[in-house]
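What follows is the residue order along each chain.
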Amino acid sequence: CFFFFKQKTAYEISACLVGSEMCIRDRTNVDGVNTIVLKMKTDLERIQIIMKSFDKPLLERERKQMKPLQADDFDQTYKAIIQSKHGNIKSEGSQIHKIVKEIMDTIKIDKKNDKSVNAWKNYQDYINNTVVEGLSNVVQTSLIYINEQLSPAFLKKLDNYLPLFDIRLELGYDDIKYEPAIEEVTHGQSVRNIIKSYILDFYHISTLINRLDTQGVGDYLIEMRDNFDLKYHLSHVTENLDYIEAETEKYRQSFQVYSYLWTSDAKEMFEHFLHEEEEKEVVNQKAAQIAQQAAQEDEIKTLDEGMQMTGQHPLLKGAREFIPSLELFDEHITKMKTIQVEISSIKTPNDIAWIRITSQPLKIALDSKVTNRIKIYTEFLLIQTRVTLKNLVEFVDMIKDGIHLDPSEKPEDNELLMKVMKIISVVKVVEPSTEKIVKRMKEMVSLLKKHNVPMEEEYLNKIDNVYTQFGETVQRVYKVKANILPLQAQEQVNVKKKLEKFQQKVKDFRIEFKETLPFIYDETSGDDKIDQSYELINQWYFKLGEIEKQAKGYNELEILFELEQSGFKDLKDCRQDLRSLKVMWDAVSMITNTYNAVSYTHLTLPTIYSVQISVVAVSLKKKNDNVRTFTY
């Protein structure tokens, strides 16, 4: 009800105050009374003018600052303006208190006169209500203005409207985020926090003028908080903020289609691609080889044995033998480039009501992620090309160096003959697959060129030149091979004689192996027998390793001289028996140690040994039919 006091009421209160004090003392001083009443009336009007001067939005965009501002700039710009207005309100509030004090001093209220005191209190209440009304008008005007700036419906009616805030959409550690955030945050800055801080600044004016009805003690914050009109406008601010949060979140979620770019590891995905497609490629290529070479079993066997002798394919050393098809590489790279174009076409900035979203930081980050994935694919192909080409160059140089001396010109040099024959054997292994490997290299280079991958060399020309050198060198190798045929035949006879002697050595080794090693367990024997058995197994382990090494050397000679491969089955049987013996004596040792720790039993120890060890022996026999019969 205090909002509806009128000027007349204030005048009547003034007259009452003066009449109660001055007129009683000096009824004849009518002119003096009139002067005081007019001063009180004038001062009241001054207070009303002061309060009306406040009635402007505390936060108001200036024309020269109509462009969207980043959060820090916005805060810095408008906080200074509001603080200046706060200072003015506080200063004018002090002036109001000064005016009221002057009035009080002029009329000199008789505190013993209840009528005079009540009249003064009513006058104070009236001025106090004028201040409350003025402050609430300022807050309301400010809330209405900011609501207009936040209302999508209102903003649509404006021409050439520019948003309040310019915020960035960025790629964080594990997700996309706004910088600053839109929603309210506990720490740091956000759009909602900024708006909230300005609203608090609006309400803060109620604390800048001390209350008039309590002799300057307290403020008007409670009246502002309880004001229904202010609560109504405040609820609209909340609705507008909720709307902008929902809309900006929708926009942020629209980028989740690219989430795999930051949620999955690019290298792990590439390794999965290699492994998955590699398995398919291995199956396909091996099936093709079997179908193509089914009628050439002897030659295949020779090539496989030659590969075993030389180890990894010389041209693929440090490279992958089987890789996914280049069509799949092309498909993946093209797909990534399409995504890259799609990302580059994303509109930025994008305005959502009063928020301008600059997505350029996100676009740069996503483009970098895609570029990195493309680079993983292209770098792999480039490395495969470099390594394979380097291997081909080194292989050609090795062949040239290996055949620069012709053994036919030095028939007495057996070491030279063996060296050249090894070279010939390696060439026989490598030559059939070289054309395919070279073709693969050239296709890789062509694919890299298609996708504009910078290369430090003109690889296609270099590949052709090196492959030409390879062909010429191979022709020289076969010429040397023809020259050494007589020497090869003569040495073949010698190798066969050496093989016969070694075959006999292997048979003798097998006989001694069976006679010496502890295949028999005497249950009356103690720990000494177990220790001796382990020692024998250990000694024959090293002996077997030495003779297996010699056997491997003879297998390589058989490959060189194109002889039938010897399997050396006796050595394989020795190896199997040695493993089985180790298992058996481990079991014997375990059983013996277990029952040595037992001080009583219903069965005699020999009976238990016999039962347990027989179980172990039968178990070994079931696992491998080639295991020699053990005696226990």
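See the structure above.
Everything numeric here is computed off the predicted structure, so don't read it as measured data.

### Observations concerning the overall build of the protein chain
Inference 1: On a plain count of helices and strands, the protein chain comes out with 19 helices and four strands.
Inference 2: Going through the 632 residues of the protein chain one by one, you find that 42% of them count as buried.
Inference 3: Long-range contacts, defined as pairs at least 24 residues apart, comprise 78% of the intrachain contacts of the protein chain with a sequence gap of at least 6.
Inference 4: When the accessible surface of the protein chain is split by element, carbon and sulfur atoms take 52% of a total near 35,400 Å².

### Notes on the packing of aromatic side chains
Inference 1: Scanning all chains against the criterion turns up 23 aromatic pairs.
Inference 2: Measuring from ring centre to ring centre gives 5.3 Å for Phe 270 and Phe 380, while their planes differ by 65°; the resulting arrangement is edge-to-face. With Phe 270 in helix H10 (residues 266-293) and Phe 380 in helix H13 (residues 360-402), this pair connects stretches of sequence that are 110 residues apart. Of the two residues examined, Phe 270 and Phe 380, each falls in the buried class.
Inference 3: An aromatic cluster is built from Phe 74, Tyr 78, Phe 165, Tyr 198 and Trp 354, whose rings are joined through pairwise contacts.

### Structural notes on the side chain of Asp 43
Inference 1: By secondary structure assignment, the location of Asp 43 is in helix H2 (residues 30-53).
Inference 2: Setting aside residues up to four positions removed in sequence, Asp 43 forms contacts with Ile 99 and Ile 103.

### Describing the sheet that holds strand E4 (residues 355-358)
Inference 1: Spatially, E2-E1-E4-E3 is the arrangement adopted by the four strands of the open sheet, whose pairing is mixed. Strands with a single pairing partner mark the edges of an open sheet, and in this sheet they are strand E2 (176-179) and strand E3 (350-352). Direction aside, the axes of adjacent strands within the sheet are offset by 30° on average.
Inference 2: Of the pairings in the sheet, the one linking strand E1 (residues 165-171) to E4 comprises four bridges and is parallel in character. When the sheet's bridge partners are listed, Asp 166 is paired in E4 with Arg 356.

### Comments concerning the nonpolar core
Inference 1: In terms of nonpolar packing, the biggest core is built from 155 residues, with Phe 165, Phe 202, Tyr 258, Phe 329 and Trp 354 touching the most fellow members.
Inference 2: If we ignore the near neighbours within four places in the chain, the residues touching Phe 202 are Leu 58, Leu 59, Ile 82, Val 139, Ser 142, Leu 143 and Ile 146.

### Topic: the side chain of Thr 385
Inference 1: When you line up the elements, Thr 385 lands in helix H13.
Inference 2: Contact partners of Thr 385, with chain neighbours within four places excluded, come to Met 441, Met 444, Val 445, Tyr 459 and Ile 463.

### Quick look at the packing of helix H3 (residues 71-107) against helix H4 (residues 114-150)
Inference 1: Orientation of H3 relative to H4, taken along the N-to-C sense of each, is 165°, at an axis distance of 12 Å. In this view, H3 runs roughly antiparallel relative to H4, as classed from their interaxial angle. Judged by the sense of rotation from one axis to the other, the crossing of H3 with H4 is right-handed. Along its contact with H3, which presents Val 100, Ile 103, Met 104 and Ile 107, the element H4 presents Trp 120, Tyr 123 and Ile 127.
Inference 2: Here the contact of H3 with H4 is composed, by residue class, of seven nonpolar, no polar and no charged.

Thresholds, definitions, all that
Residues numbered from 1 in each chain as written. Predicted model: local features only at pLDDT ≥ 70, side-chain atom pairs only at ≥ 80, totals over all residues. Heavy atoms only, no water. Helix = DSSP H or I, 4+ residues; strand = E, 2+ residues; numbered from the N terminus. Buried < 20%, exposed > 50% of the residue type's maximum accessible area, 1.4 Å probe, protein only. Contact = heavy atoms within 4.5 Å. Areas by Shrake-Rupley, 256 points an atom, 1.4 Å probe, with all protein chains shown as cover. Phe/Tyr/Trp six-rings, centres within 6.5 Å; stacked < 30°, edge-to-face > 60°. Pairing = 2+ DSSP bridges. Axes fitted to C-alpha atoms, helices over the stretch in contact; angles between N-to-C directions. Core = buried A, V, L, I, M, F, W, Y, C linked by side-chain atoms within 4.5 Å. Parallel < 35°, antiparallel > 145°, perpendicular 65-115°, else oblique. Left-handed = near helix turned anticlockwise from the far one by under 90°. Nonpolar A, V, L, I, M, F, W, Y, C, P; charged D, E, K, R; others polar.

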